Amino acid sequence: MIRLETLSYWRGDRLPNTWGPASDLILLDLLQWPPRPQMARWADGAQVPTLVAAREPDGGSRRADLYDGQGRLVGSQLQTHRAPGADEPSVLGDDIHVFDLGGHAVGLLVGEDLLVPEVSRTLTLMNAELLIALAAPRLPEYLGIWRESQQNQVIGFGGGAPPLLTVPCEADPEEAGFLPVESLSDWVRASVPWGSLAIARETALLTQLNPRAYLAHPWWSA
């Protein structure tokens, strides 16, 4: 079984020329979809499970594909909702999946599904501990994946510029809910804070309510 202690993330138009820094899971946030045989060869060369999504729809759908460390396609998640007034993607998924990675349940938010709280809540009710958002629209930092971490008490990783690693405020010593990531040339690497999440979840929620921390956030007065 793989471990899932670190993530590496790359955002660009096409597949990168390298496999990036050492990590347990590679996240690729592309503009255009590579052909699946090419993607399989890339993932096989990486020898690390790879999650890839593209911002431009492919075959009418926007999706994320998961490859194992031998380049085999093991699962996909299609975007399930469109943004209001949007025409794309023309094909929407009607299933939501949770993937077992390193003994942890991981849910995927593809595209505008990040805007729909019910998707994150459904994934959490399916025991997801980590939500990964790829090919998602750019949102203010206190919306998007940060909001989903707070509402569902999970770890979040949101792709974009900049990418964000989020946790419930109660799991962050700074009480902000944002954790630092490591920039390495064109790549970003993040350590997944399972221990911090476990401590927050083991403590009774009512004793962890922290109005002082929440009321201090800029989003409160927005």
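My aim in this report is to walk through the structure given alongside it, one point at a time. (Residues numbered from 1 in each chain as written. Predicted model: local features only at pLDDT ≥ 70, side-chain atom pairs only at ≥ 80, totals over all residues. Heavy atoms only, no water.)

### Focus on the environment of Pro173
Assignment of secondary structure puts Pro173 in the loop between β10 (164-166) and β11 (178-179). A residue is classified by how much of its surface remains accessible, and Pro173, at 74% relative accessible area, is exposed. C-alpha of Pro173 to C-alpha of Leu139: the two residues are 34 residues apart in sequence and 24 Å apart in space. (Helix = DSSP H or I, 4+ residues; strand = E, 2+ residues; numbered from the N terminus. Buried < 20%, exposed > 50% of the residue type's maximum accessible area, 1.4 Å probe, protein only.)

### Remarks on the packing of aromatic side chains
With the rule as written, the count across this model stands at six aromatic pairs. Relative to Trp42, the ring of Trp19 has its centre 6.4 Å away and its plane inclined at 65°; by these criteria the two rings are edge-to-face. Here the residue Trp19 occupies a position in the loop between β1 (6-12) and β2 (25-30), and Trp42 occupies one in helix α1 (residues 36-46), the gap between them amounting to 23 residues. Look at Tyr142 and Trp146: their rings are 5.2 Å apart centre to centre, the planes differ by 90°, and that puts the pair in the edge-to-face class. Neither residue differs from the other here; Tyr142 and Trp146 are each classed as buried. (Phe/Tyr/Trp six-rings, centres within 6.5 Å; stacked < 30°, edge-to-face > 60°.)

### A few points about helix α3 (residues 144-152)
In terms of burial, α3 is largely enclosed, as seven of its nine residues are buried. Buried within α3 are the following residues: Gly144, Ile145, Trp146, Glu148, Ser149, Gln150 and Asn152. Gln153 sits one or two positions beyond α3 and adopts a positive phi of about 55°.

### A short note on the sheet that holds strand β7 (residues 104-110)
Spatially, six strands are ordered β6-β7-β8-β9-β10-β11 in an open sheet, and the strand pairing comes out mixed. What marks the edges here is a single partner per strand, and that holds for β6 (98-101) and β11. Relative to β11, β10 runs antiparallel, the two sharing two bridges. Bridge pairing links Leu165 to Leu179 in β11. Its contacts with the sheet put α3 on β7, β8 (130-134), β9 (155-158), β10 and β11, and the angle it makes with β9 is roughly 170°. (Pairing = 2+ DSSP bridges. Contact = heavy atoms within 4.5 Å. Axes fitted to C-alpha atoms, helices over the stretch in contact; angles between N-to-C directions.)

### Digging into the sheet that holds β2
As summarised here, the arrangement of the seven strands in space is β5-β4-β3-β2-β1-β13-β12, forming an open sheet in which the pairing is mixed. Where the open sheet ends on each side, the last strands, each with one partner, are β5 (73-78) and β12 (182-184). The sheet shows a mean angle of 20° between the axes of neighbouring strands, taken without regard to direction. By the bridge criterion, five bridges tie strand β4 (residues 63-67) to β5 in an arrangement that is antiparallel. Each residue of the ladder has a partner; that of Leu66, found in β5, is Gly75. Contacts between α1 and the sheet are confined to β2, β3 (50-54), β4, β5 and β13 (187-191), with β4 contributing the most and set at about 45° to the helix.

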